Every structure is written in structure tokens, then in C-alpha cells.
Amino acid sequence: MSSTAMDYGIVSLPDWFKDLCDTNSGNNAPSSVILGTAGDKNSFILNVKEWEDEESRQLDGFKGTDFCHGSTAPVRILKYFLHFSGGDEHAKLTAPVVFTPRAESGRGYCHGGSMCAVMDDAIGWMGFAYTGVVKPWVGFTVQVNTTLKKPVSVGSVLRLDASVERLEGERKVWIKSSLVDPADTNVVFCTASGLFLIPATKPSISSGVPSPSTPSLISPSSSTTELSSSTLNSVG
């Protein structure tokens, strides 16, 4: 059975996520944060300004809160953890996802669209970060095929994983993602495959539209104190 979070004002990162970060921290993680890069296949938690500081987000010209990461999001991706497994060539993303009462559709169950939104977000950020060097907004998701396998109860906290299926030339990145029960990863709620496209020329941001910030990437081994005292214990 999936873990549950019923207090949506303060959402704690689940123990399984903390353990994953600790296990994958490695011995060669840098002691300081480097903006926009994960270095030599190290593992990092992504901190994106527009997700973390909603007051500053408004001052930067955004019109609302982030659809999947904001503190009032109906389905909320708490933190993305970028990591490599063994000899993997490409990075992976893992995150805890909270399905709040605001995502409810049928009595006690969340709308299927809430799972689709999570799949879209994960495929996009995996496209930004699959090399281990995070490059936000260098491309965009153009296709998401989602299979809903099991209804999600209101209050569930599930595990989101995303990874690269294959590359096609220099512009197409095929990505897969899934939502599973963190206590039993054989219990699958949703799977998806999608296409992330890197345009031939770097996309421009039109005048008047706020430019998203480059995320800071925090090494788990160098940020244990900070995370345990603030981010790790209470997000939002």
C-alpha cells in the first residue's frame, strides 16, 4: 500500500527518497554547488527557483504557481533527484509525488489527468537532464503516450521514475516514465513513453514572457545538514 500524506501545508519528503539520495551520493560529489551541471556523473537534487520561492516567482513576472511543483498544486512533485545507476550512460530522475484532495475526481480517487500531468513533467525534465548536464528549456516534449493501470487514492505518495529509452539522431530523445508504490515497485499505477525534441535552433523566449531560471543542483553528500533542517523535513 502506498504511503499517505494528509497534511498538505507541510509535506515531508518520504524516508525512501532520503535513503535513495544517501545511497547514491557517492564519494566524489563536489563540496560546492555548480549551477547547471551534474559534473562527472554525480547525483543531485534539483532546486529550481520558480518552484522554491513563489513570492519571487511573482516578482519575476510569472502569472501563477507551477502546475506540478507549486505548493498548491493538485498533484505535486516534491523534488527531482538526478542520478546514475552503475555504468549507465544517461542519467535518471526519481521523485516523490503527492496526490492531494484537489486532484480528486471519483469519490476518494484522483483524476487520471493528474497522472498524465506528472508523466508530461517528468519526460520534459528528463529531456533537459538526460546527459547529467541540466539544460532547462533547450527543447520540449512533443509526444506523451500514457497508460493508466491502477486508480490512485487521494493522499497517496507515489514514486516517479524517468529514464532514457533511446536516442534518435541528435535531436530526438525517447523517454519512459512510471508511477509506482514505493513500498512495492511491482505495483504500477501508470506508465508513459514520450518524445523530447531538441530544435535545430535554440528556442527563443518571446518578449514579455519570464525566462525560467537555471536550477541549482545540490549534492546529497554536501547538503545533508541543509536538507535535514529545512527542505528535507518540510517542503512548502
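Residues numbered from 1 in each chain as written. Predicted model: local features only at pLDDT ≥ 70, side-chain atom pairs only at ≥ 80, totals over all residues. Heavy atoms only, no water.

J.: If you had to explain the overall build of the chain to someone new, which residues and values would you point to?
T.: For the chain, the count of helices and strands is five helices and ten strands. In the chain, of all internal contacts separated by at least 6 residues, the share reaching a separation of at least 24 is 70%. If you sum the accessible surface of the chain, you get close to 11,300 Å²; carbon and sulfur atoms cover 49% of it. (Helix = DSSP H or I, 4+ residues; strand = E, 2+ residues; numbered from the N terminus. Contact = heavy atoms within 4.5 Å. Areas by Shrake-Rupley, 256 points an atom, 1.4 Å probe, with all protein chains shown as cover.)

J.: Tell me about the nonpolar core, and please be specific about residues and values.
T.: Ranked by size, the top nonpolar core spans 41 residues in total, and within it Y80, F99, W125, L160 and L179 carry the most contacts. The element that contributes the greatest number of residues to this core is helix 4 (residues 112–129), accounting for ten residues. W16, F17, L20 and V98 belong to the second largest nonpolar core, which has ten residues in total. (Core = buried A, V, L, I, M, F, W, Y, C linked by side-chain atoms within 4.5 Å. Buried < 20%, exposed > 50% of the residue type's maximum accessible area, 1.4 Å probe, protein only.)

J.: Provide a residue-level description of the pattern of salt bridges, including the pertinent values.
T.: The final tally for this structure, using the stated rule, is five salt bridges. Put simply, D15 and K18 hold a salt bridge, and the shortest N to O gap is 3.8 Å. Taken together, the residues D15 and K18, both in helix 1 (residues 15–23) and three residues apart, mark about one turn of the helix. Owing to a relative accessible area of 55%, D15 belongs among the exposed residues under this scheme. K49 is the partner of D60 in a salt bridge, and the nearest nitrogen-oxygen pair spans 3.2 Å. Of this pair, D60 sits in the loop between helix 3 (54–59) and strand 3 (75–77) while K49 is found in helix 2 (residues 49–52), placing the two residues eleven residues apart along the sequence. Residue classification places D60 among the partly exposed positions, given a relative accessible area of 38%. (Salt bridge = Lys/Arg side-chain N within 4 Å of Asp/Glu carboxyl O.)

J.: So what's going on with the packing of aromatic side chains? Which residues, and what values?
T.: Any aromatic ring pair is given by two values, namely how distant the centres are and how the planes are angled relative to each other. This structure, assessed with the given rule, holds eight aromatic pairs. Pairing W51 with W125 gives two aromatic rings, centres 5.0 Å apart and planes at 70°, and the pair type is edge-to-face. Here W51, found in helix 2, pairs with W125, found in helix 4; they are 74 residues apart in sequence, far enough to count as distant. Judged by its relative accessible area of 5%, W125 is buried. When the ring of F128 is compared with that of W137, the centres are 5.1 Å apart and the planes differ by 65°; the resulting orientation is edge-to-face. Under the relative-accessibility criterion, F128 is labelled buried at 7%. Under the relative-accessibility criterion, W137 is labelled partly exposed at 34%. Within the aromatic cluster, the residues linked to one another by ring pairs are W51, Y80, W125, F128, W137 and F196. Here the guanidinium or amino end of R57 rests over the ring plane of F62, the centre of that ring lying 4.4 Å away. (Phe/Tyr/Trp six-rings, centres within 6.5 Å; stacked < 30°, edge-to-face > 60°. Lys NZ or Arg CZ within 6 Å of the ring centre and 35° of its normal.)

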